[in-house]
Every structure is written in C-alpha cells, then in structure tokens.
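Overview (structure and organization)
One letter stands for each residue in the lines below.
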Amino acid sequence: MTALRCEDVAVHFGGVKAVDGVEFTVRAGSLCGLVGPNGSGKTTLLNAISGLVPLTRGRITAGGEAVSGRAVPHIARSGIRRTYQAIRLVPGLTVLQNVMLGADDGRRLLDGLVRPRRAARADRESRDRAREALARVGLTGLEKSLPGALPYGHQRRVEIARALAARPRLLLLDEPVAGMSPVERTEIGDLLTSLRDDGMTQLLVEHDLEMVTRLTDHLVVVDFGRVIADGDPATTVRDDRVREAYLGRRHDPAADHGAGGALRGRDGG
Ligand SMILES: Nc1ncnc2c1ncn2[C@@H]1O[C@H](COP(=O)(O)OP(=O)(O)OP(=O)(O)O)[C@@H](O)[C@H]1O
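Predicted, not measured: the structure shown is a model, and the values here were computed from it. Along each chain, residues carry numbers from 1 onward, in the same order as the chain's sequence is written. Residues qualify for local features only when their pLDDT is at least 70, as the model is predicted, and side-chain atom pairs are given and counted only at 80 or more; totals for whole chains, interfaces and linings, by contrast, use all residues.

The next thing to look at is the site of the ligand. Nearness is defined per residue: the C-beta atom, placed using the backbone, must lie within 6 Å of the molecule or strand. In the vicinity of the ligand, 12 residues are found, and the nearest of them are F13, A18, N38, T43 and T44. Helix numbering and strand numbering both begin at the N terminus, where a helix is a DSSP run of H or I of at least 4 residues and a strand a DSSP run of E of at least 2. Those elements giving two or more residues to the shell around the ligand turn out to be β2 (16–27) and α1 (42–49). When residues of the shell around the ligand are assigned to their parent elements, the largest contribution, 3 residues, is made by α1. Three residue categories are used. Nonpolar comprises Ala, Val, Leu, Ile, Met, Phe, Trp, Tyr, Cys and Pro, charged comprises Asp, Glu, Lys and Arg, and polar comprises the others, including Gly. The residue inventory of the shell around the ligand, partitioned by class, reads 3 nonpolar, 8 polar and 1 charged.

In structure tokens:
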C-alpha cells in the first residue's frame with residue numbers, strides 16, 4: 001500500500017528550481033531515505049509535503065488523499081507530522097508540555113474557550129499521549145525538565161516525541177541526527193528502526209549515507225531538484241549518477257566514511 005506519492009512535484013522560488021518534477025512513492029510501513037548533496041531540494045520537498053511551501057506544479061497524495069493545496073493544520077490533522085533541521089522546542093515549557101503541543105490538534109484550545117469540561121478531558125488525553133510518546137523515545141522521568149537543561153541528543157528526542165504524540169501515519173524527519181555524537185546517532189537509528197518495526201511510515205532526510213543505507217528499506221536520491229536514483233539502498237547508493245552527484249567523479253560514497261561521518265556533497269557543508 002502507498003503511504004505517500006509525489007507526482008511531477010515542482011517548487012520554484014522565482015528563478016530557483018528548488019524541486020523540479022520529482023516523482024517517488026513511499027510504501028506504507030517503510031522507512032524511506034531521502035538523500036542528496038547540499039541544496040538539492042530535500043528540505044523543500046519536506047516543506048511541500050507538510051504544506052509549508054506551495055507547489056509550483058504537481059500533486060502530492062498521502063494514503064490516496066490529496067495533500068497538495070491543503071493548509072498546514074489540515075495536513076497535520078490528516079496524520080503527517082515532522083521534525084525540523086533546527087530544533088524547535090519552546091524554551092519556557094517543560095518537556096511534557098512541549099510534547100503535548102504535538103498531541104493537541106488545535107481543538108483543545110478551541111474547546112477551552114467554549115466547553116471547559118470537554119477541554120479538561122482533551123487535556124488529559126494529550127497528557128497521556130505525550131507521556132506515551134516520551135516513553136517511546138526513552139525519556140520517561142524527564143517530563144518536568146526544561147528542554148534547555150537537556151543534552152542536545154535528548155532535545156532531538158523530545159522533538160521526535162512531539163511528532164509521535166499525534167500518532168502520525170507518516171513521520172517526516174529532517175536530519176534527526178545532525179550534530180549528534182556517534183553513540184547518540186546509533187541510538188536514534190535504533191529508535192527509527194523500532195518505529196518502522198511497529199509499522200510507522202517514515203521519510204528520513206539524512207546526509208550520512210552509510211547510516212541511511214543501513215537503516216532504510218528504500219532510498220530516493222535527489223540532485224538539483226530532481227530524482228536521480230530510486231530503489232533498494234545498497235544498489236542505489238552505488239549508482240554512477242549518485243557517485244557523481246556527491247563527488248563529481250566516480251567514487252563509492254558508502255565506502256568513503258569514517259564512523260559517524262557524513263558526506264555533505266559539493267560544498268562540504
Ligand atoms: N525560501 C527560499 N527562497 C529561495 N530559495 C530557496 C528557498 N528555500 C530553498 N531555496 C533554495 O532551493 C534550493 C534547495 O534548498 P533545500 O534547502 O531544499 O536543499 P537541501 O537539499 O535540503 O539542502 P541541505 O542539505 O543543505 O539542507 C537551494 O538552492 C536553496 O538555496
């Protein structure tokens with residue numbers, strides 16, 4: 001079954017063709033990697049799927065329903081949740097409160113104004129879901145901490161918990177291990193595979209090709225806003241077009257890694 005389908009998706013910013021005719025499918029229950037050199041259009045694609053940027057052309061569907069053309073809250077309520085490249089936690093709220101923001105689909109706030117009793121029930125539900133999500137990412141016991149007091153790797157987990165609290169059907173992850181130590185990267189990798197084992201569909205943007213090849217079921221490689229390779233990770237990563245996109249010459253990107261290192265592509269960012 002198809003969880004996500006992008007058909008001829010284009011996002012242009014004036015003359016910049018950030019995404020230009022992208023086609024790919026993510027199978028339900030799979031962990032799909034989306035890789036490519038710096039500036040190849042990965043984040044723009046995640047933004048397009050989550051409704052943050054409008055499509056110049058094309059169509060995106062999730063579980064058969066149209067996503068393109070919908071507003072961000074509608075897409076979020078339809079079960080598509082994401083994390084961001086830069087951590088976006090609210091510093092003045094506790095870990096639990098931050099995660100509760102993900103569990104709440106906006107109705108709690110509305111109910112609070114007009115139906116206080118129903119709001120109290122929704123609040124309890126959000127709290128339960130948030131605790132469940134924190135347990136899932138291994139952060140039980142840190143509910144009352146402020147995010148700024150936690151190590152960086154834990155803050156990333158809080159972000160993932162916030163997305164999980166909505167019990168999404170599709171989780172978009174934008175470089176969830178960026179800036180992490182090798183141990184933290186391995187732990188997050190284990191978390192993503194265990195979520196996949198639970199049946200959660202994920203689209204993972206990540207620069208570390210060795211990690212992506214190891215974790216994912218399927219790999220989509222983009223360059224200059226276009227898909228240049230798509231398929232089984234081990235084969236795809238050795239495709240000549242992928243080698244050339246990363247290094248501008250024949251090379252084996254997957255073999256070119258130190259532990260935890262990441263090939264950043266053309267500009268080495
Ligand atoms: N809002 C914007 N306005 C103009 N150009 C943009 C905008 N957002 C992205 N771009 C450009 O679109 C291209 C694709 O950017 P995008 O951030 O999607 O790439 P990326 O593959 O996620 O890069 P990275 O790996 O460095 O995060 C780049 O040339 C970028 O400068």
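Any two strands between which DSSP finds at least two bridges are classified as paired. In spatial order, the strands read β2-β1-β4-β5; together these 4 strands make up an open sheet with antiparallel pairing. On the outer flanks of this sheet lie β2 and β5 (65–66), each paired with one strand and no other. Pairing between strand β1 (residues 2–13) and strand β4 (residues 57–62): 5 bridges, direction antiparallel. Following the sheet pairing, C6 is matched in β4 by I60. C-beta atoms are first placed from the backbone for all residues, and any pair lying within 7 Å is then listed as a contact. The convention used is that axes are lines fitted to C-alpha atoms, helices contributing only their stretch in contact, and that angles between N-to-C directions extend from 0 to 180 degrees. The sheet contacts of α1 involve β1, β2 and β4, and relative to β2 the element is tilted by about 65°.

Taken across its 8 residues, α1 has 7 buried, putting it largely inside the fold. Among all positions in α1, only K42, T44, L45, L46, N47, A48 and I49 are buried. Whether a residue is buried, exposed or partly exposed is read from the other C-beta atoms within 10 Å of its own C-beta, which are placed from the backbone; 20 or more gives buried, 12 or fewer gives exposed, and intermediate counts give partly exposed.

What follows covers the domain arrangement of the protein. Domain limits in this description derive from either an automatic procedure or a database domain assignment. For the protein, the assigned domains are domain 1 (1–79 + 168–269) and domain 2 (89–166). Each partner contributes residues to the interface: domain 1 has 10 residues there, and domain 2 has 9 residues. Counting residues per element, the ones that place at least two in the side of domain 1 that touches domain 2 are α2 (72–77) and α7 (182–197). At 3 residues, α7 tops the list of elements feeding residues into the side of domain 1 that touches domain 2. Looking at the side of domain 1 that touches domain 2 residue by residue, the class counts come to 7 nonpolar, 1 polar and 2 charged.

This part covers the packing of helix α3 (residues 95–103) against helix α6 (residues 152–164). Between α3 and α6, the least distance of the axes is 6 Å, while the angle of their chain directions is 40°. Between α3 and α6 lies a crossing whose hand is right-handed. In contact with V95, N98, V99, L101 and G102 of α3, α6 contributes V158, A161, R162 and A163. Two helices cross in a left-handed way if the nearer one is turned anticlockwise from the farther one by less than a right angle. They cross in a right-handed way if the turn is clockwise.

Relative to the 22 Å expected for 16 residues at 1.5 Å per residue, α7 spans 23 Å between its end C-alpha atoms, a close match to the ideal helical length. Looking at the buried residues of α7, the elements they touch are β3 (31–35), α6, β8 (201–205) and α8 (209–215). For a helix, the expected span equals 1.5 Å multiplied by the residue count minus one.

A few words on the sheet that holds strand β10 (residues 226–231). Strands sit in the order β6-β7-β8-β3-β9-β10 across an open sheet of 6 strands; the sheet is mixed. At either margin of the open sheet sits one strand with a lone partner, and together these are β6 (80–82) and β10. Between one strand axis and the next, the sheet turns by 20° as a mean value, whatever way the strands run. With 4 bridges connecting them, β3 and β8 associate as parallel partners. Paired with C32 across the two strands is L203, which belongs to β8. On the sheet, α1 packs against β3, β6, β7 (170–174), β8 and β9 (218–223) and is oriented at approximately 150° with respect to β7.

Right, let's talk about the pairing of β7 for a bit. The element β7 is extensively covered by neighbouring structure, given that 5 of its 5 residues are classed as buried. Covered by surrounding structure in β7 are L170, L172 and D174 together with L171 and L173, the residues of both alternating faces. Pairing of β7 with β8, which is carried by 5 bridges, proceeds in the parallel orientation. For L171, the partnering residue across the bridge sits in β8 and is Q202. Clockwise travel from the first strand over the helix to the second, with the strands pointing away from the viewer, marks a crossover as right-handed. Between β7 and its parallel partner β8, the chain crosses via α7, and the hand of that crossover is right-handed.

Another aspect to go through is unusual backbone geometry. The phi angle at R167 is positive, at roughly 50°, despite the residue not being glycine. Among the secondary structure elements, R167 is positioned in the loop between α6 and β7. Note on R167: 14 C-beta atoms within 10 Å, which makes it partly exposed. At F224, a residue that is not glycine, the phi angle is positive and equals roughly 50°. Take F224: there are 15 C-beta atoms within 10 Å of it, and that puts it in the partly exposed class.

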